[in-house]
Structures are given as structure tokens and as C-alpha cells.
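For reference, the chains in residue letters:
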Amino acid sequence: MTSGNAVVARNMRLLREQRGMSLAELARQAGLAKQTLSTIEQGVGNPTVDTLFSVADALGVPVTRLVAEREQVMVVQRRDEVVWQRHGGYESRSLDHIYGSGVIENYLLRIAPGDGPSEPSAPHPVGTLEHLYVISGRVRVGPVDSAVELGTGDFVRYPGDRPHVYESLDGESVVHVVVSVPRVQPGTGAMRVSRTHGERAL
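Residues numbered from 1 in each chain as written. Predicted model: local features only at pLDDT ≥ 70, side-chain atom pairs only at ≥ 80, totals over all residues. Heavy atoms only, no water.

S.K.: Please clarify how the overall build of the protein chain should be interpreted in this entry.
M.R.: Scanning the protein chain from N- to C-terminus turns up 5 helices and 10 strands. The proportion of buried residues among the 202 residues of the protein chain is 39%. Nonlocal contacts in the protein chain, meaning residues at least 24 apart in sequence, comprise 70% of its contacts between residues at least 6 apart. Working note: accessible area of the protein chain is about 11,500 Å², and carbon and sulfur atoms make up 51% of it. (Helix = DSSP H or I, 4+ residues; strand = E, 2+ residues; numbered from the N terminus. Buried < 20%, exposed > 50% of the residue type's maximum accessible area, 1.4 Å probe, protein only. Contact = heavy atoms within 4.5 Å. Areas by Shrake-Rupley, 256 points an atom, 1.4 Å probe, with all protein chains shown as cover.)

S.K.: What's the story with the sheet that holds strand S6 (residues 138–143) in this structure? I'm lost.
M.R.: What holds strands together in a sheet is hydrogen bonding between their backbones, with the strands either parallel or antiparallel. What the 3 strands build is an open sheet, ordered S7-S6-S9; its pairing is antiparallel. The two strands at the open ends of the sheet, each matched to only one other strand, are strand S7 (148–151) and strand S9 (164–168). Each neighbouring strand pair of the sheet contributes to a mean axis angle of 20 degrees, computed without reference to strand direction. Relative to S9, S6 is paired through 5 bridges, and the arrangement is antiparallel. Considered in S9, the bridge of Pro143 is made with His164. (Pairing = 2+ DSSP bridges. Axes fitted to C-alpha atoms, helices over the stretch in contact; angles between N-to-C directions.)

S.K.: What should I look at first to understand the pattern of salt bridges in this one?
M.R.: Under the counting rule described, the total for this entry stands at 6 salt bridges. Among the ionic pairs, Asp154 bridges to Arg78, the shortest N-O distance being 3.1 Å. Of this pair, Asp154 sits in the loop between S7 and strand S8 (155–159) while Arg78 is found in the loop between strand S1 (75–77) and strand S2 (85–87), placing the two residues 76 residues apart along the sequence. Note on Asp154: relative accessible area 6%, which makes it buried. (Salt bridge = Lys/Arg side-chain N within 4 Å of Asp/Glu carboxyl O.)

S.K.: Can you help me understand the nonpolar core in this one?
M.R.: The nonpolar side chains of a soluble globular protein tend to be buried with one another. Residues Met12, Leu26, Leu37, Val55, Leu59 and Leu66 are the most contacted members of the largest nonpolar core, which totals 18 residues. Going through the elements one at a time, helix H1 (3–18), helix H2 (23–30), helix H3 (34–41) and helix H4 (49–59) are the ones with two or more residues in this core. Apart from the residues lying within four places of it in its own chain, the contact partners of Leu66 are Val7, Val8, Asn11, Met12, Leu15, Leu52, Val55, Ala56 and Leu59. Listed in part, the 16 residues of the second largest apolar core include Val134, Val139, Val156 and Tyr166. (Core = buried A, V, L, I, M, F, W, Y, C linked by side-chain atoms within 4.5 Å.)

S.K.: Is there a simple way to think about the pairing of strand S10 (residues 173–182) in this case?
M.R.: Consecutive side chains of a regular strand alternate in pointing toward one face of the sheet and then the other. Within S10, 8 of the 10 residues are buried, which leaves the element mostly enclosed by the surrounding structure. Here 7 bridges tie strand S5 (residues 129–136) to S10, and the two strands are oriented antiparallel to one another. Paired with Val134 across the strands is Val175, a residue of S10.

This is the structure we're talking about:
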């Protein structure tokens, strides 16, 4: 399995499963043979550009979501590197863009200082992203194996479907978190989604 085929295989399986789609259903919507998609997911197929576009269209994503390394989903934006855009009487700073639809949750977290690393938060549903902006303090956040240190005004986006941590490094810290959970298509085995940072089910 070449590295390129492995990336496409992982991404296609992830995107298909987070939508609750079987291979047969994806093949039907993409207008392709089920066996063709099976070989792609096994990493042994050599899909054409047309095949990739057909699969991406059926999954409702840009084709880049199939061919890009998933680890690239982490994005860090430092406060002293951003550009503010002026619009008449105010300025705006773009943090991120969310494509597609699903459950979008907004939280403010107050993170108390501890004596050591905190227990990791459990993974959210497959495909979940967390977008975190530091309002005050200094924190260490993100996936356990690739957490980053951020200060006031910094922003990060990272996969929320892996164990992840929230640690305050200097007194109490306050962060704003937006959690985006992908939509599962109706009638495809959708599961009830619980709130990611609360107890009430959605």
C-alpha cells in the first residue's frame, strides 16, 4: 500500500462511516462499482481523478478531504500573526470555517490550575472537530499525543475524536470552544448524539 493510497483509504472510510453509509450505498450514490470502492478502502486500488471526484461528491466534501493527510486538520493561529480586517466602524478576525452540517456546540470553559496533567477527555463521535480560542490565561490543549501550548488570543483547531486534554498552565484560564459534530444522514443508522461537554442529549 503506497502512502497516497493509504491516505485516501483512511479518509474515505472515515467520511463514509461518520455518515453511516455502507459501501453499497456509497457506490450507488457515486455511480461506481462496490468492488471499486472496496479496493480503494483496502488501499490497493489506484483510483482515477474522476473516481475521486465522484466519491467526494457522493460524500458531500471537497476532493481535498480525500487526499489530504488527516493530521493536517490541526491548525494553530497565534495572536501576533493574525490579520484584522476593517469594516467601517469595526474590525474582524477570522478564526475558522466549518463546512457541511451537523451539531455545532458552543462552550466557555474555566480551567482551574492543577498539580499535574489532567485526565484526558474521552473522544467525541468520529469526525468531530474542536475549535478553541483562549480568552485569558495560558493553556495546554489538544490531542494527548500532540497537545499545544497557547496564550491569550491564540486559536487552535484539532480532532475531537481522539482523547484530548485541557490544562491551565498559569492560574485559572478561560477558553471558548466550538465543537462541530458531523451530521449522520437520516435513515442510515444514525445514533443519538449526546452533548460533548454536558449531560443533556441532543
